[in-house]
Amino acid sequence: MKRRSLALLILAASAVIAQPQRRTQNVVILMTDGLRWQEVFAGADAALIDRKAGGVADPEALRKQFWRATAEDRRAALMPFFWSVVARQGVVFGDRGAGSEARVTNGLNFSYPGYSETFCGVADPRIDSNDKRYNPNLNVLEFLQGRPGFAGRVAAFGAWELFPWILNAPRSGLLVNAGYEPLRMPGSNSRIELLNTLKAETEYWDSEAFDSFLFYTALEYLRVQKPRVLAILLGETDEWAHAGRYDLYLKSARRADHYARLLWETLESMPEYRGATTLILATDHGRGSGKKTWRSHGRRIPESQHVWMGFLGPDTVAQGIRKTAQPVAQAQLAATIAALLGEDFRTAVPAAAPPLADVLR
């Protein structure tokens, strides 16, 4: 009996040792609404650098800024951080030209269903509009806030005013700062107060603030409050595409990449985050292609199901563009976020899609 007990103890110890030791202690998610995989992986589209097709005010100036002879050079000009750091040190999905597929599974291909699928891990047919209805599904941010060590250390910042509904802020208790709402928090400082004022006094879209106000508010919150999980959800790429302004769409994509660099450099400069943080970059849906449908997305444009995502952090092996036999799904992000932090989201939501194995060391 003693020998058997000793053998069982040795086996149990071996199993513990064999478990992967996650180095990720924090996760930061940066999403930019409706940014096409075509631009991410091939850069500016020549057909849309045009006054009529792309609503471009100065095509020659835009070509000088973003056009290059090869797709590799064009994408590097548009998103230099993504291609010089994320793709080299991490893993990216969604380059259809290279056989890498990433898709939404909700079939609707627009924002509320896309963000719900991203954070809840399931495509819920009840989520079929952009109406202000509280999401009945548990999201991964809410799940993590309920786990030991995360209470009060999970937050989301969104340019679009619907995020409190998508993440069900009243039920979840999450800090969700969205739209033109000012940020109120303990330890507020003059920088945040100035950003609150500028955001309130610089209104262009009815339901969405400019990305700059959102991003720098979230960045200041990160420096002051040091959350373990932070979602930053940008919106200008989608707004300018719907407006038919390809020039402003490209410039907002370039800014989103700049924000990703600033985020990463800030994280690496802080001892609480350095070497212990995974950065996730993604989008909520794709768009149509060509001169007629690039502005739009939705059920009637099936190609807008195609998305992209990138991962950079201590538990993700450098693999570049990852080609898999089966497409990866947007719904896998929720369980992946939890798994990076050593948590199993599927214990709470069994129907959630599994985590992305290629992201986990």
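Our subject is the structure listed above.
Right, let's walk through the structure included here. (Residues numbered from 1 in each chain as written. Predicted model: local features only at pLDDT ≥ 70, side-chain atom pairs only at ≥ 80, totals over all residues. Heavy atoms only, no water.)

Moving on to the pattern of salt bridges. A full pass over the atoms with the stated rule returns 18 salt bridges. R133 is paired through a salt bridge with D128; the nearest N and O atoms lie 3.2 Å apart. Taking the relative accessible area as the measure of exposure, D128 reaches 43% and is therefore partly exposed. One salt-bridge network, held together by shared partners, links R36, E39 and D45. (Salt bridge = Lys/Arg side-chain N within 4 Å of Asp/Glu carboxyl O. Buried < 20%, exposed > 50% of the residue type's maximum accessible area, 1.4 Å probe, protein only.)

What follows concerns the packing of helix α12 (residues 211-225) against helix α14 (residues 246-269). In the contact formed by α12 and α14, the axes pass within 11 Å of each other and the chain directions differ by 5°. Taken together, α12 and α14 sit at an angle that is classed as roughly parallel. Packed against α12, whose contacting residues are D211, S212, F215, Y216, L219, L222 and R223, the element α14 presents H258, Y259, L262, L263, T266 and L267 at the interface. Of the residues that constitute the contact of α12 with α14, the class distribution is eight nonpolar, three polar and two charged. (Axes fitted to C-alpha atoms, helices over the stretch in contact; angles between N-to-C directions. Helix = DSSP H or I, 4+ residues; strand = E, 2+ residues; numbered from the N terminus. Parallel < 35°, antiparallel > 145°, perpendicular 65-115°, else oblique. Contact = heavy atoms within 4.5 Å. Nonpolar A, V, L, I, M, F, W, Y, C, P; charged D, E, K, R; others polar.)

Enumeration over the complete set of coordinates arrives at one cavity of 30 Å³ or more. By volume, the largest cavity amounts to about 70 Å³. Forming the walls of the largest cavity are L30, M31, T32, M79, A256, D257, A260, L281, A282 and W308. Mapped by element, the contributors of at least two residues to the lining of the largest cavity are β1 (26-32), α14 and β7 (277-282). Classifying every residue of the lining of the largest cavity by side-chain character gives eight nonpolar, one polar and one charged. (1 Å grid on protein atoms, 1.4 Å probe; cavity = no way out; pocket = protein on both sides within 12 Å on 5 of 7 lines; lining within 4 Å. Points joined across faces, edges and corners; volume = space filled by probe spheres on them.)

Strand pairs in the sheet, formed through backbone hydrogen bonds, run parallel or antiparallel to each other. As summarised here, the arrangement of the eight strands in space is β5-β4-β6-β1-β7-β8-β2-β9, forming an open sheet in which the pairing is mixed. One side of each edge strand has no neighbouring strand; the edge strands of this open sheet are β5 (175-178) and β9 (320-321). Contacting β1 and β6 (229-234), helix α7 (residues 111-120) runs over the sheet at an angle of about 165° to β6. On the sheet, helix α16 (residues 332-340) packs against β1, β7 and β8 (309-312) and is oriented at approximately 170° with respect to β7. (Pairing = 2+ DSSP bridges.)

Among the six residues of β6, six are classified as buried, and the element is accordingly described as predominantly covered. Neither face of β6 is open: one carries V229, A231 and L233, the other L230, I232 and L234, and all of them are buried. Relative to β6, β1 is paired through six bridges, and the arrangement is parallel. Within β6, the residue paired with V27 across the bridge is V229. Pairing geometry for strand β4 (residues 154-158) and β6, over five bridges, is parallel. Note that in β6 the partner of A156 across the bridge is A231.

Moving on, we come to helix α5 (residues 71-78). Those residues of α5 lying buried are R74, R75, A77 and L78. Looking straight down α5, one finds its buried side chains confined to an arc of 155°; they lie on one side. Looking at the buried side of α5, the elements it contacts are α2 (37-42), α4 (59-66), α6 (80-89), α14 and β9. (Arc of directions from axis to C-beta.)

Running from amino to carboxyl end, helix α11 (residues 190-201) crosses α12 at an angle of 160°, the nearest separation of the two axes being 10 Å. Here α11 lies roughly antiparallel to α12, going by the angle between them. In terms of crossing hand, the pair formed by α11 and α12 is left-handed. Judged by residue contacts, R191, I192, L195, L198 and K199 of α11 engage F213, Y216, T217, E220 and R223 from α12. Of the residues assigned to the contact of α11 with α12, the class counts are five nonpolar, one polar and four charged. (Left-handed = near helix turned anticlockwise from the far one by under 90°.)

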